[in-house]
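# Notes for the structure review
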Amino acid sequence: MLGPPGAGKGTQAERLHEDFGLLHIATGDILRAEVAADTPLGTEARRYMDAGELVPDEVIVGMITQRISGGDARDGFLLDGFPRNERQADALAEALEQLERRLTAALLIEMPDEALVRRLTGRRMCVKNPTHIYHVEFDPPKHADVCDQDGARLVQRDDDREETIRHRLQVYHAQTEPLIDHYDHAGLLRRFDGNRNANEVHAHIRATVATLRLEEEL
Ligand code: AMP
């Protein structure tokens, strides 16, 4: 999954996980779990995350290579938040080659910066499960600051403050956006309009993935 922060990659990946049973590998979620567990990796990663910077490639690449080699990734997986620059894309290509596997598609969710800032500043996340996500304006929980699904507290991610968001968007444009051309040239790119509501985006992506699956099986 490709796209700027806040375009809905996590939400859509979670739905595709339910539709197709694909393992959902979200680098941001893995890193936040490390931070919450106070591991050495978490302590190192946090400095970069809070500043809206990318965590060093060595840390991320090792983490992903290990995840995609696992047995639970055998029937397919969705990468959400990775790769985020050319070096990571090259490392992914190398890891896939060693596993004798290949990418089926790069699913790009597009959205303009101003809409993303509005979306991200209002985002709230469940402290127990990071895939339970709400928005104070567009998708509010029934009770303020309480998760509808498990009753846990809702919090704002440290990196969802406006200043940090603006910086994350700059990092996206400078480092991640070049990957759009990279995957377009490889014939793998599929574009989706992130301005539409989550159900519509989901319907489009699901139809695309279903078609790709069918083609793979033929
Ligand atoms: P996300 O939840 O995908 O927006 O990621 C939150 C933060 O985790 C990012 O702003 C980065 O600091 C870090 N991060 C997540 N994925 C990567 C990656 N592939 N490479 C480097 N840093 C990452």
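Quick caveat: nothing in here was measured; it's all calculated off a predicted structure.

Of the regular secondary structure elements, the chain holds 9 helices and 7 strands. In terms of overall dimensions, the chain is globule-like: its C-alpha atoms have a radius of gyration of 17 Å, near the 17 Å expected for 218 residues. On the principal axes, the C-alpha backbone points of the chain span a range of 50 × 40 × 35 Å. By the burial criterion, 44% of the 218 residues in the chain qualify as buried. Long-range pairs, those at least 24 residues apart, make up 69% of the contacts in the chain with a sequence separation of at least 6.

Right, let's talk about the sheet that holds strand E5 (residues 133–135) for a bit. Read from one edge of the open sheet, 3 strands run E5-E4-E6, paired in antiparallel fashion. What marks the edges here is a single partner per strand, and that holds for E5 and strand E6 (154–155). Two elements, strand E4 (residues 123–126) and E5, share 3 bridges in a ladder whose sense is antiparallel. Paired with Met125 across the bridge in E5 is Ile133. Contacts from helix H6 (residues 113–121) reach E4 and E5 within the one sheet, and its direction differs from that of E4 by about 40°.

Here the focus is the site of the ligand. Near the ligand there are 16 residues, and of these Thr27, Glu53, Val55, Gly81 and Gln88 occur at the shortest range. One nitrogen or oxygen atom from the side chain of Gln88 is found 2.9 Å from a nitrogen atom belonging to the ligand. Note that an oxygen atom of the ligand is positioned 3.2 Å from one of the side-chain N or O atoms of Arg157. With the chains in place, 95% of the 480 Å² that the ligand exposes on its own is no longer accessible.

Let us now look at the pattern of salt bridges. Summed over all chains, the structure comprises 17 salt bridges. Between Arg102 and Glu216 there is a salt bridge, with the nearest N and O atoms lying 3.0 Å from each other. You can see Arg102 sitting in the loop between helix H5 (86–98) and strand E3 (106–110) and its partner Glu216 sitting in helix H9 (residues 198–217), a full 114 residues away along the chain. Given the relative accessible area of 44%, Glu216 is considered partly exposed. Between Arg196 and Asp193 there is a salt bridge; the shortest N-O distance is 3.8 Å. By relative accessible area, Asp193 is classed as partly exposed at 35%. It is possible to trace a salt-bridge network through shared partners that takes in Arg123, Arg157, Asp159, Asp160 and Arg168.

Another aspect to go through is helix H4 (residues 57–69). Between its first and last C-alpha atoms H4 spans 18 Å; for 13 residues at 1.5 Å apiece the expected length is 18 Å, and the two agree. Residues of H4 that are buried: Asp57, Val59, Ile60, Met63, Ile64 and Ile68. Summarising the axial view, the buried residues of H4 lie within an arc of 160°, below the 170-degree limit, and thus occupy one face. Exposed side of H4, more than 90 degrees from the buried face: Glu58 and Gln66 are the residues found there. Residues of H4 that are buried sit in contact with strand E1 (23–26), helix H2 (27–36), helix H3 (40–51), strand E2 (77–80) and H5.

Rules used throughout
- Residues numbered from 1 in each chain as written.
- Predicted model: local features only at pLDDT ≥ 70, side-chain atom pairs only at ≥ 80, totals over all residues.
- Heavy atoms only, no water.
- Helix = DSSP H or I, 4+ residues; strand = E, 2+ residues; numbered from the N terminus.
- Rg over C-alpha atoms; globule rule 2.2 N^0.38 Å.
- Buried < 20%, exposed > 50% of the residue type's maximum accessible area, 1.4 Å probe, protein only.
- Contact = heavy atoms within 4.5 Å.
- Pairing = 2+ DSSP bridges.
- Axes fitted to C-alpha atoms, helices over the stretch in contact; angles between N-to-C directions.
- Near = heavy atom within 4 Å.
- Polar contact = N/O pair within 3.5 Å; in protein donor to acceptor, adjacent residues only side chain to side chain.
- Areas by Shrake-Rupley, 256 points an atom, 1.4 Å probe, with all protein chains shown as cover.
- Salt bridge = Lys/Arg side-chain N within 4 Å of Asp/Glu carboxyl O.
- Expected span 1.5 Å × (residues − 1).
- Arc of directions from axis to C-beta.

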